[in-house]
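Chain residues, written in single-letter form:
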Amino acid sequence: MPAVVDKSSITKICVDDFAFRKRYTYGTVMVDLETHRIIDLLDSRETSKVEEWLKSYPNLQVISRDSAQTYVSAATNSHPEALQISDRFHLLENLSGAVEEYMYRLFPSRLAIPVVSQDPEMQALYDTRNRSERIRFARKKRSEGYMVNDIALLLHSSVTTIKRYLSMPEDEISEKEENTRERQHLEQIQKKQAAINEVRKLYSEGHSIDEITRITGHVTKTVKTYLKENCPLVNGHYDRRMSGKLAPYEQEVIEMRARGFTYAKIHECITQKGYIGMIASLRVFMQKERTHQKSISVQEDTPVEYIPRKTMCQLIYHELESVKGITEEQYKASIKKYPVLG
């Protein structure tokens, strides 16, 4: 039989919830902070039941809990004189959450850093989204001293095609055209800039924030954001890689595509490893990836690669060796370019 607990002797506890059946049924566990042993369980986490349960322990002096209102209210109502604290786990969780939220405000979804690992094949992949870019890439490589055969290998094209690219008159090379996604993004930026200008104009004319919300239809928080000097035009989540069926295979898809694998072959390879999505998803992913890389390279003076912001967030509470998707060289380059990360 389990040992009977002398409730009057218990003075310092930690309470937390646990799942009988995740998303459906929860209970509350009580741990003795001095012995680190479980001393009681409750088959509920409702405030009234937790409060009644805590009252059955008459001499509680310290109650460690998370920030859930259930436990705040139950502890306050049952033992108003007791000291309520957060345990180390919740302190670290709150700290990492606050830092992560700060990083989401400060940095874009992917941080551009100087290239430390990108090879010519990868550069060719990102720099040749359409025929115009393929021609210009071939001509650029030729000016850098590459032989025709080398350029053909980089572009996975025939030597004849490359020779045609190199001999083509400059006025016959079409100008770069944005794809649908790029055009939509530019339109969104223009709309946001117009909205910011309108809000700032109204404010400069003496309208209060409340008046501006009524005139424009924006909520108060948006109006205040638009009035900030450093208001970003691009949403911090733009270009973020979304988790999904393809997520575990993304880097592999990029590398195989850089080596000239067809989408059908790539789909076959990753399907054997567990991918259950459609081949069309590979094309959409690569289009977004190449567009993103191109937009970064326009803003930078030197070739760049990127590190996902979520990867840097993981480094808040994980060692570098245990975080996938970043090497030590990339980490050092990130810290050098963005000192605040250090």
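You'll find the structure just up there.
Model, not experiment: these values are computed from the prediction. (Residues numbered from 1 in each chain as written. Predicted model: local features only at pLDDT ≥ 70, side-chain atom pairs only at ≥ 80, totals over all residues. Heavy atoms only, no water.)

K.L.:
Explain the sheet that holds strand β4 (residues 62-64) to me, please; I cannot follow it from the model alone.
P.N.:
Two strands in a sheet stick together by hydrogen bonds in their backbones, pointing the same way (parallel) or opposite ways (antiparallel). If you walk across this open sheet you meet the five strands as β3-β2-β1-β4-β5, and the pairing is mixed. The open sheet has two edge strands with one neighbour each: β3 (38-42) and β5 (83-85). Neighbour-to-neighbour, the strand axes of this sheet turn through a mean angle of 25°, independent of strand direction. (Pairing = 2+ DSSP bridges. Helix = DSSP H or I, 4+ residues; strand = E, 2+ residues; numbered from the N terminus. Axes fitted to C-alpha atoms, helices over the stretch in contact; angles between N-to-C directions.)

K.L.:
Where do I start with the packing of aromatic side chains in this structure?
P.N.:
Pairs of aromatic rings are described using the distance from one ring centre to the other and the angle between the two planes. The final tally for this structure, using the stated rule, is three aromatic pairs. Here the aromatic rings of Phe107 and Tyr338 are separated by 5.4 Å at their centres, their planes lie at 85°, and the arrangement is edge-to-face. In this pair, Phe107 is assigned in the loop between α3 (88-106) and β6 (110-114) and Tyr338 in the segment after α15 (328-337), connecting sequence segments 231 residues apart. In this structure Phe107 comes out as buried when scored by relative accessible area, which is 8%. Overall, Tyr338 belongs to the buried group, its relative accessible area being 17%. Centroid distance Tyr249 to Tyr275: 5.9 Å. Interplanar angle 70°. Geometry classified as edge-to-face. Of this pair, Tyr249 sits in the loop between α10 (220-227) and α11 (250-258) while Tyr275 sits in the loop between α12 (263-271) and α13 (279-299), placing them 26 residues apart in sequence. (Phe/Tyr/Trp six-rings, centres within 6.5 Å; stacked < 30°, edge-to-face > 60°. Buried < 20%, exposed > 50% of the residue type's maximum accessible area, 1.4 Å probe, protein only.)

K.L.:
Please explain the pattern of salt bridges as it appears in this structure.
P.N.:
A side chain of one charge can pair with a side chain of the opposite charge if their charged atoms are brought near each other. One pass over the full model with this rule turns up eight salt bridges. For Glu101, the salt bridge goes to Arg105, with nearest N and O atoms at 3.7 Å. Of this pair, Glu101 and Arg105 are both found in helix α3, four residues apart, which corresponds to roughly one turn of the helix. Close ionic contact of Lys273 with Glu252 constitutes a salt bridge, the shortest N to O distance being 2.3 Å. (Salt bridge = Lys/Arg side-chain N within 4 Å of Asp/Glu carboxyl O.)

Everything listed is a geometric property; what it means functionally is a separate question.
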